[in-house]
Each structure stands twice: as structure tokens, then as C-alpha cells.
Amino acid sequence: MNGRWMPFAMATLLGCASVQPSKARHEVGELVEQRVGLPGAIPEQQDAESRARVRVRVAELMRRPLSVERALQVAMLNNRALRATLEDLGVAQAELVQAGLLQNPVISGDLVASTRGNGLGGGLALSQSLLSVFLIPAQRRVAKARLAHAVVLVGQATLTLARDVRVAFVRAQAAEQALGLHRSRAQAAEVAHELAQRQFDAGNITPLDQQLFAAALDRARVELADAQLAVTVAREALTRLLGLWGEDVAWTFAAPLDRVLPAETELGSLEQQGMKDRLDLSAARFEARSIEYALSLRRRGMIPELNVGLTARNEVGNDIGHEWVLGPSLSLSLPIFDPGHADIARIQAYLRQAQHRLQDVAIHVRSEIRVHRAELVAARRKVEYYERTVLPRAESITELTLQQYNAMLVGTYQLLGTRTDQIDARREYVEALRDYWVAHSELELAVGGRLPIPGP
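It should be emphasised that the depicted structure is a prediction, and the values quoted were computed from it without experimental measurement.

**Q** What am I meant to see in the overall build of the protein here?
**A** Scanning the protein for helices and strands turns up 11 helices and four strands. In the protein, which comprises 456 residues, the proportion classed as buried is 40%. For the protein, the proportion of contacts with a sequence separation of at least 24, taken over those separated by at least 6, is 77%. Accessible surface, the protein as shown: approximately 26,000 Å² in total, 57% of it carbon and sulfur.

**Q** Would you mind showing me how to read helix α5 (residues 80-99) here?
**A** Side chains of residues three or four places apart in an α-helix project in the same direction, reflecting 3.6 residues per turn. Taking 1.5 Å per residue, 20 residues should reach 28 Å; α5 reaches 30 Å between its end C-alpha atoms and fits that length. Residues of α5 that are buried: Leu 82, Arg 83, Leu 86, Leu 89, Gly 90, Ala 92, Gln 93, Leu 96, Val 97 and Ala 99. Where α5 is buried, its residues touch α2 (22-36), α3 (48-62), α4 (68-78) and α6 (131-201). Structurally, the start of α5 carries an N-cap: the backbone nitrogen of Ala 81 is 3.1 Å from a side-chain oxygen of Asn 79.

**Q** Is there a simple way to explain a negative patch on the surface in this structure?
**A** A cluster of acidic residues, Glu 27, Glu 30, Glu 33 and Glu 44, forms a negative patch on the protein surface. Assignment of secondary structure puts Glu 30 in helix α2.

**Q** Any chance you could explain the packing of aromatic side chains here in plain terms?
**A** When we look at a pair of aromatic rings, we describe it by the centre distance and by the angle of the planes. Counting across every chain of the model gives five aromatic pairs. With a centroid separation of 5.0 Å and 80° between ring planes, the pair formed by Tyr 436 and Trp 437 is classed as edge-to-face. For the residue pair Tyr 436 and Trp 437, the accessibility class agrees, reading buried in each case. Here the aromatic residues Phe 169, Trp 251 and Phe 253 are joined through ring pairs into a cluster of three or more. The ring of Trp 251 has Arg 235 lying over it, and the distance from NZ or CZ to the ring centre is 3.8 Å.

**Q** Quick question: what am I supposed to make of the side chain of Arg 278 here?
**A** Tracing the chain through its elements places Arg 278 in the loop between α8 (267-277) and α9 (279-300). Setting aside residues no more than four positions away along its own chain, Arg 278 makes contact with Arg 35, Gln 273, Val 365, Glu 368, Leu 445, Ala 446, Val 447 and Gly 448.

**Q** Can you walk me through the pattern of salt bridges in this structure?
**A** In this structure the tally under the stated criterion is 21 salt bridges. Between Arg 163 and Glu 442 there is a salt bridge, and its shortest N-O distance comes to 2.9 Å. With Arg 163 in helix α6 and Glu 442 in helix α11 (residues 412-447), this pair connects stretches of sequence that are 279 residues apart. Classification of Arg 163 as buried rests on a relative accessible area of 16%. A salt bridge links Glu 264 to Arg 381, with the nearest nitrogen and oxygen atoms 2.7 Å apart. Here Glu 264, found in the loop between α7 (207-242) and α8, pairs with Arg 381, found in helix α10 (residues 341-406); they are 117 residues apart in sequence, far enough to count as distant. The exposure class of Arg 381 is partly exposed, given its relative accessible area of 41%.

**Q** Just checking my understanding: could you explain the packing of α6 against α7 for this structure?
**A** Helix packing for two helices is described by the angle between their axes and how far apart those axes are. Where α6 contacts α7, the two axes come as close as 7 Å, and the packing angle between them is 160°. Between α6 and α7, the interaxial angle falls into the category roughly antiparallel. α6 and α7 meet at a crossing whose hand is left-handed. Looking at the contact of α6 with α7 residue by residue, the classes come out as 26 nonpolar, five polar and nine charged.

**Q** Explanation requested: the environment of Asn 104 in the structure shown.
**A** Within the element layout of this structure, Asn 104 appears in the loop between α5 and β1 (106-113). Spatially, the C-alpha atom of Asn 104 lies 8.7 Å from that of Ser 129, the residues being 25 residues apart in sequence.

**Q** Sorry if this is basic, but what is going on with the environment of Leu 89 here?
**A** Structurally, Leu 89 can be placed in helix α5. Owing to a relative accessible area of 0%, Leu 89 belongs among the buried residues under this scheme. Sequence spacing of Leu 89 and Pro 21 is 68 residues, and the spatial spacing of their C-alpha atoms is 6.0 Å. Once residues lying within four places of it in the same chain are set aside, the contact partners of Leu 89 are Pro 21, Ala 24, Arg 25, Val 28, Leu 147, Ala 150, Val 151 and Val 154.

**Q** Got a minute to help me understand α10 in this structure?
**A** In this model, α10 (66 residues) spans 93 Å end to end at C-alpha, consistent with the 98 Å of a helix rising 1.5 Å per residue. A maximum bend of about 45° is found in α10 at Tyr 386.

**Q** Would you explain the side chain of Ser 441 in this entry?
**A** Relative to the helices and strands, Ser 441 resides in helix α11. Leaving out residues up to four positions away in the same chain, Ser 441 has contacts with Arg 163, Arg 166 and Val 167.

**Q** Please explain the environment of Glu 266 as it appears in this structure.
**A** Residue placement: Glu 266 occurs in the loop between α7 and α8. Taking the C-alpha atoms as reference points, Glu 266 and Arg 373, 107 residues apart in sequence, are found 9.0 Å from one another.

**Q** I would appreciate a short explanation of the packing of α3 against α4 in the present structure.
**A** Two numbers describe how α3 lies on α4: the axes approach to 10 Å, and their chain directions differ by 160°. Relative to α4, α3 is oriented roughly antiparallel. Considering only the axes of α3 and α4, their crossing is left-handed. Each of Val 54, Arg 57, Val 58, Leu 61 and Met 62 in α3 lies in contact with α4, whose residues at this interface are Arg 70, Gln 73, Val 74, Leu 77 and Asn 78. Considered class by class, the residues forming the contact of α3 with α4 number six nonpolar, two polar and two charged.

What counts, and where the lines are drawn
- Once a new chain begins, its residue numbering starts again from 1 and follows that chain's sequence as written.
- Given that the model is predicted, a residue must reach a pLDDT of at least 70 before its local features are reported, and side-chain atom pairs must reach 80 or more before they are shown or counted; all residues, however, enter totals for whole chains, interfaces and linings.
- The basis for every side-chain value is the complete set of non-hydrogen atoms in the structure, without hydrogens or water.
- Elements are defined by DSSP. Helices are runs of H or I of four residues or more, strands are runs of E of two residues or more, and each kind is numbered from the N terminus.
- Each residue's exposure class comes from its accessible area (1.4 Å probe, protein chains only) as a fraction of the maximum for that residue type: buried when under 20%, exposed when over 50%, partly exposed otherwise.
- In what follows, a contact means two residues having at least one pair of non-hydrogen atoms within 4.5 Å.
- Each accessible area is a Shrake-Rupley result for a 1.4 Å probe, and residues are judged covered by the shown protein chains and nothing else.
- Helix span is expected to be 1.5 Å times the residue number reduced by one.
- As used in this structure description, the phrase polar contact means that two N or O atoms lie within 3.5 Å; if the pair is within protein, one of them must be able to donate a hydrogen and the other to accept it, and residues adjacent in sequence are counted only when both atoms belong to side chains.
- Each patch is built from residues lacking any salt bridge and having more than 30% relative accessible area; the joining distance is 9 Å for like charges and 5 Å for nonpolar side chains (Val, Leu, Ile, Met, Phe, Trp, Tyr).
- When a carboxyl oxygen of Asp or Glu lies within 4 Å of a side-chain nitrogen of Lys or Arg, that pair is called a salt bridge.
- Positive charges are assigned to Lys and Arg, negative charges to Asp and Glu, while His and the chain termini are left out of the count.
- Each charge is placed at NZ for Lys, CZ for Arg, CG for Asp and CD for Glu.
- Side-chain rings of Phe, Tyr and Trp (the six-membered ring for Trp) are treated as a pair once their centres are within 6.5 Å; stacked means planes under 30 degrees apart, edge-to-face means over 60, and tilted covers the remaining angles.
- The criterion for a charge sitting over a ring is simple: Lys NZ or Arg CZ within 6 Å of the ring centre, and within 35 degrees of the ring normal.
- Only the stretch in contact is used when a helix axis is fitted, and all axes are lines through C-alpha atoms; the angle between N-to-C directions ranges over 0 to 180 degrees.
- Note on angle classes: values under 35 degrees are labelled roughly parallel, values over 145 roughly antiparallel, values of 65 to 115 roughly perpendicular, and the remainder oblique.
- Left-handed is the label given to a crossing in which the near helix is rotated counterclockwise from the far helix by less than a right angle, and right-handed is the label when the rotation is clockwise.
- Classification used: nonpolar for Ala, Val, Leu, Ile, Met, Phe, Trp, Tyr, Cys and Pro, charged for Asp, Glu, Lys and Arg, polar for all others including Gly.
- Here the bend at a residue means the angle between the axes of two seven-residue stretches, the one that ends at it and the one that starts at it.

Structural data, given as C-alpha cells:
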């Protein structure tokens, strides 16, 4: 081949493969859009310009109060652990490119001296493995399976992050609402304590009654301090997932806990969706497939290594003096001591492990769906019971007590006590709502995406 065409041929061979995982990142972005409902949440590039756009977008999102959708967008763009996981796609893409490349040719040389003093001689040899050329298609199949495995693993990481954000979001919402109720309870205890102190000073109640009201105020203040700490802890948990720091940590919620519960979905359809959509199950399938390809590649690799090349030597010590000779070369490895059987047995064991893990993941998927659906149903029943029975009854008791108080049939302490009971019922209702949305998020992760919307 003419030497001037060599750079063009190498550029044609190597230029068709890119080490940038743009396509893989796009596939992860499609998974997030389909299963989380966030279009464009995963940037397809990781260069400086893309990072700058991400910072601008995060700043725009944080200018407004947080909704759960906005929190998910910030987390997908700004969570550092997810960014680190996305780099697995770059590793797998580079391995795919590497699998399609020829092995570098080997050049060797030697220098010899004539025993009869005729001078120095030597030679150069250029060799290339022929077997590596035929193994490229099999190597690419293995690398493609590993890239697909990396895509679904990164996709599973995004779904896990979405679950964590939703759970942290509702926990922080519930903690702030509970804090407000604890403040109301503490205020009621302060009123009761002040009234009891006045009556004690007037000699209308015993020291025991006065101390009991003081102890109730102590408990309310301690519970209020615990609630304030719970708000801080819950907010920081969400802040970490969003990757925020500095002034951005002073975010607020756009709305309280959602009280509108979606309709239930039957268990059978959830199990079918989980077996079809769970990305960790797909990852187990891709792992088994990649090991199958690796086993096939290793079996092909049992063919003896064959290298061909070209040798040029400067012969010395002959009758006509120095002379350069040129000719082909051939080398063949002899699989005498290591025929490769042990390596094949090792890969076969890995394959059996992967197949068992695949079956184990499938069993766990079905079980997790059943457990989380049971938790969701139980939490829904609890929320509905509070809405239909507990809260109306607590409100009715407070109203009836107020009527009797106005008629001077009951005292102030009993009125404050019923008011405290009503506040406790509302706090328990907030906790029930929190548990429902946590179970909802867990079930979404268990089925591999958003829950299906049942028909009427």
C-alpha cells in the first residue's frame, strides 16, 4: 500500500468508534423519562459546557418552592453519587471500543556479532496475531452485553435515587407538619399550666394537680424539641440527595402532604410489570448473557495463538560479506502445559452463579411486590380510617366539649384536654399519610417504574 494512504486507512478504522457514551446516556435518559416521568433529566454529555448548563438549570429550579417533581429534577441533575455512577457508562463504552480494535503489531530486533570477526549483524521482525483478528466479533458481543448491563444498572441507580428522593421529601413534609402540631400542643400545655398556676396561687387546686400540669408542659416542650430536631434531620437527608449546599439549603415546600390517594392496582398486574420492567432483573439477564459470550470467546481462544509477520536480517560471517535478507515469519504457541480447561471450568462456574442469581432476583422481585403492595394497602386503609372516623370524631368531641364549656358544664382543663387529643389525632393522621407515600414509592421501585393507572 502506498504510504500516503496509511493515515487515512487508520483514521477510517478507528474513527467509526467513539469513546463518548452519548448513546448510552441517552438510553438512561429514556428510562428515566418512561419510568419516572422526567424528560431530559440525564445530560448526554459530561463536558464543561454541559456542567455549566446543569448549574444554571439547578439554580432556576431552586428559585421556587420545592414540589416532588422539582426535587426529582434537581436530584437527577445534581446528585454527585449518580454522576459518579454515570461514569460506568464511559468505562463500558471504552471497553466496547477496545474490543473492536486490532492488537498492536509487535516489532522486535536483535544484534549479533560474527565469531570470525566479520562485523556485526542483526535483524528486525514485525509480527501480528491472526487469532485476535477473528476474535474481534466475539469480543464485541461480550463488550456490548456489558454495556447493556451497565445501562440497566445505571438506570436502576436512577430509579433508586428517585425512590430515595420521594421518601425523603414526604418525610421532611411530614416532619414540618408534625412540628406545627407539636407547637400547638405545647401552646395548649402552656395555657393549662398558667391556669393551674393561678388556681394554685388562689388555693383552688392541690399541689399535686399543679405539678401534674407542669409535668405535662415539660413533656410537650421535650416533644417539641424532638420534633424540631426531626425536621432538621429530615431536611438534611433531602438536601444531601439533591446535592445542595450554601444558600440553596434554605428551600421551602410548595405544598403540604398530598391527601389525594391514587386508586389501587391489582397484585397480578403489578407482578407482571415487575417481571417485565425491573432493571435489576434485566441486569442479571445481561450478566448471564455476557458470561455466555465470554465462555464462547474462551473456547475459541483454545485455538493455538498464531502470529505472522515479516523478518529482515543482516547476515554476517558468510563468504560474500554482509547481506540483508527478507522473508515472512510464523510463530505458533503450543498449548501443552495450559490447554485452557481450567479457565473454561472457571467461566462455567461463573455462568452457573449468574443463572442462580437471576432466578434468585426473580423470586425476590415477586416477593418485594407482594410485601410493598400489602404495606400500601394497609397504609391506605389507615389513612381512610383516620379521614372517615378518627378525625371527625375528634372534631366532634372538641365541638361538644366547647358547647358544654360555654354552658359551664365542663371546665377549662377538660376543654384543653380534648383540644390536645384532637391535635394528637391530626399528627397521627400526618404520620399515616407519610407512611402511605413511603409505601407508594417503595412499590414503584419494586415494579420498576411508575405504578399503572387502573381503569374505572
